[in-house]
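# Commentary on secondary and tertiary structure
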Amino acid sequence: MTTHDEPGATDGGRGAGAPAPGPDDTAAREFRALLHTLRVWDGAALPDFDPDTAPDAPLPLFRAWLREAAAAGQAEPHTMSLATADGDGRPSVRTVMLHDADESGWHFGTHSTSRKGRELAARPDAALGFYWPVQGRQVRVEGRVVSGTPEESAADLHARSTGALAAALTGRMSEVLGSREELAEASEAAWTRAQADPGALSPTWTLYTLAATHVEFFQGDPRRQHVRLHYRRTTTGWTRELLWP
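Below you will find a few notes about this structure. Remember, it's a predicted structure, so these values are computed and weren't measured experimentally.

## Looking at helix α3 (residues 115-122)
Looking only at α3, the buried set comprises Lys116, Gly117, Glu119 and Leu120. Considered in projection along α3, the buried side chains sweep an arc of 165 degrees and stay on one side of the axis. Facing away from the buried side of α3, by more than 90 degrees, are the exposed residues Ala121 and Ala122.

What follows is the structure in structure tokens.
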């Protein structure tokens, strides 16, 4: 096998008699070249993080980091990746909004009939991921997910915007859509109902709470000496430990 550093590796690494690269090969090279030009935290003044000053529990630090990300200009700092798995262990991930974080856990909402709702019913373990590149920070949260009561779910839904209520009333999340026209018609009807009846109920809307067992705080460093502070729940509280980057 020839490499770019070996004799005979001509024409971009092709050996003698090798076919000329096709359009797909060119696109692949251009894509890889683009990836190599991209930089992480380019020009960002990353904050210092001394793990010795971190609180005994992860919630206060999480709240502080989210506030600091917002103050630093991070767009949508309350968005998070939610990873779930189905009954066979096949994973899936999507971006959702954080609705709250308190002593009981990290809260988010969705329809119980959606894909993530069905997966949480089959396997109620999940993980959350927050990424705030303006400060080179990540937070990872893992734990068990529990469903809120109908009253809690309704309160969560009605604490949000008219648009959020309309989207919930549209329903049928994750089902196959016949056409965009079908969506437009259902959405328009849902908007009309949400505006006329702000207290309208969506029976499948559910407030979920992830009760954390592991929380990791990652502070990036330009020299790759990243700080990783891991909180692990025990029977008596939280244990803190540093991880190798």
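From this point, things continue past the structure.
## Notes on the nonpolar core
Judged by nonpolar contacts, the single largest core of 30 residues is most densely connected at Phe62, Trp106, Phe130, Val139 and Val141. At the level of secondary structure, the elements contributing two or more residues to this core comprise α2 (58-71), β1 (79-85), β4 (105-111), β5 (125-132), β6 (137-147), β7 (205-219) and β8 (227-234). Broken down by element, this core gets its largest block of residues, six residues, from α2. Residue contacts for Phe62: discarding those within four places in its chain leaves Leu98, Ala101, Trp106, Phe130, Trp132, Val139 and Phe217.

## Brief notes about unusual backbone geometry
Backbone geometry at Ser174 places phi at a positive 80 degrees, although glycine is not the residue there. For Ser174, the location among the structural elements is in the loop between α5 (162-170) and α6 (180-196). Here the phi dihedral of Arg224 falls at roughly 65 degrees; this positive angle occurs in a residue that is not glycine. Position of Arg224 relative to the elements: it lies in the loop between β7 and β8. In this structure Arg224 comes out as partly exposed when scored by relative accessible area, which is 49%.

Conventions adopted
Residues numbered from 1 in each chain as written. Predicted model: local features only at pLDDT ≥ 70, side-chain atom pairs only at ≥ 80, totals over all residues. Heavy atoms only, no water. Buried < 20%, exposed > 50% of the residue type's maximum accessible area, 1.4 Å probe, protein only. Helix = DSSP H or I, 4+ residues; strand = E, 2+ residues; numbered from the N terminus. Arc of directions from axis to C-beta. Core = buried A, V, L, I, M, F, W, Y, C linked by side-chain atoms within 4.5 Å. Contact = heavy atoms within 4.5 Å.

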